[in-house]
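Structural characterization, general
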Amino acid sequence: MRIRFLIPVVTFVGIAVMMWYALFNLNPTEIPTELVSRPAPEFSLEPVPGYGPGLAQQDLATGKVILLNVFASWCVACMAEHPFFMELKAQDTVDIFGLNYKDTPDGAAKWLARHGNPYKRTGMDLKGRVGIDFGVYGVPETFVISPDGKILDKIIGPVSPDMFESRIRPLLNEAGS
Amino acid sequence: MKSSFRLLMLSMLLAPFLVLSATAVFIEEKLKDPVLEARALEISAEIRCLVCQNQSILDSNAELAKDLRQIVRERIALGETDEEVRGFLVDRYGDWVLLNPPFKISTVFLWLGPAVIFILGAFAMVVFLRGRNRLVEDESRTKLSTTEEAEVNRLLKSDETGQNS
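Residues numbered from 1 in each chain as written. Chains lettered and ligands numbered in written order. Predicted model: local features only at pLDDT ≥ 70, side-chain atom pairs only at ≥ 80, totals over all residues.

With that settled, consider the overall build of chain B. Counting its secondary structure elements, chain B contains six helices and zero strands. Reading the helices (α) and strands (β) of chain B from amino to carboxyl end gives α-α-α-α-α-α. Within chain B, contacts between residues separated by at least 24 positions form 44% of all contacts whose residues are at least 6 apart in sequence. (Helix = DSSP H or I, 4+ residues; strand = E, 2+ residues; numbered from the N terminus. Contact = placed C-beta atoms within 7 Å.)

Let's shift gears to the pairing of strand β3 (residues 66-71) of chain A. Residue and element names in this part refer to chain A. Of all six residues that make up β3, six are buried, and the element is covered over most of its length. Of the two faces of β3, the one carrying Ile66, Leu68 and Val70 and the one carrying Leu67, Asn69 and Phe71 are both buried. By the bridge criterion, six bridges tie β3 to strand β4 (residues 95-101) in an arrangement that is parallel. In the sheet register, Phe71 faces β4, and the bridge partner there is Asn100. As paired strands, β3 and strand β6 (residues 141-145) are joined by five bridges and run antiparallel to one another. Considered in β6, the bridge of Ile66 is made with Ile145. (Buried ≥ 20, exposed ≤ 12 C-beta atoms within 10 Å, placed from the backbone. Pairing = 2+ DSSP bridges.)

Under the 1.5 Å per step criterion, the end-to-end length of helix α1 (residues 6-25) of chain A is 28 Å for 20 residues, consistent within 8% with the ideal 28 Å. Burial analysis of α1(A) places just zero of its 20 residues in the buried class, a small minority of the element. (Expected span 1.5 Å × (residues − 1).)

Time to look at the interface of chain A and chain B. Tallying the contact residues gives nine residues for chain A and eleven residues for chain B. Residues of the side of chain A that touches chain B, tallied by class, amount to four nonpolar, three polar and two charged. (Nonpolar A, V, L, I, M, F, W, Y, C, P; charged D, E, K, R; others polar.)

The quantities given are spatial measurements derived from coordinates; they are silent on function.
As structure tokens, this is what we get:
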């Protein structure tokens with residue numbers, strides 16, 4: 001009988017803990033991709049002028065795990081992850097393909113000239129339709145692509161070295177590359 | 001002078017109603033057939049804008065929302081049903097794009113949760129109120145002792161006489 005007064009207290013603590021967790025650990029702007037373990041959608045794009053070759057669906061099946069990075073010259077957050085991609089390229093850790101999202105050919109070429117080109121291939125999605133087929137809703141986003149061209153995971157927002165180690169490295173090791 | 005001032009005040013009072021009648025329509029290519037366009041708008045109103053989350057793509061002026069509205073129009077022009085148009089978007093962005101989530105195993109708690117909580121609450125309230133009523137009844141059954149009864153009678157009587165004085 002004495003315990004009964006604890007019921008509201010316990011209820012309150014339960015709700016508080018749940019909300020505390022949701023407030024600091026869940027990110028409502030991060031929507032996991034629907035496309036995991038599905039093949040990449042069909043597309044074929046011209047390269048950013050001077051940064052070829054171009055990019056199409058069949059180019060993604062390379063026999064090893066690769067990254068497909070969605071970037072744009074108007075995207076400020078892309079600059080945050082760009083030096084890290086240059087580093088990955090210098091160390092030859094993983095091949096990165098660039099999907100240039102809703103940009104101008106000129107703007108994209110200038111941006112790559114200025115910040116360096118970490119991409120093996122680039123594709124210009126001028127109208128943003130390929131991006132929509134990929135379920136892109138913000139730039140940058142980075143897809144991890146399996147050796148047979150399927151989508152393994154998607155990272156929303158800039159890729160940090162920590163994130164690379166925790167989310168991409170295991171997938172690289174799994175494929176034995 | 002005074003009447004013109006009144007007219008000004010009146011027009012200022014009525015101004016908000018003028019604004020209300022204007023609907024939020026963005027300047028973009030519409031479908032020629034008004035029936036199809038109405039369908040496109042109806043579907044768009046139920047699609048979540050992924051950039052601004054609690055707005056529909058119909059209300060949002062984000063770049064992506066504009067593209068998605070255009071895609072809805074294209075799909076309808078191709079002769080797809082409402083279900084197929086929604087399916088196209090769900091394939092790419094998941095159930096999250098639907099402002100009205102579908103009833104599935106993963107959404108059972110979302111749909112039935114409020115009813116379950118209500119029923120549990122009602123049950124708890126009935127139990128609580130019954131318990132309290134029983135307490136009151138038990139108290140009423142305990143008889144007064146003879147001295148208490150005599151005291152009550154004395155007080156009641158003294159009150160009666162007191163009223164007349």
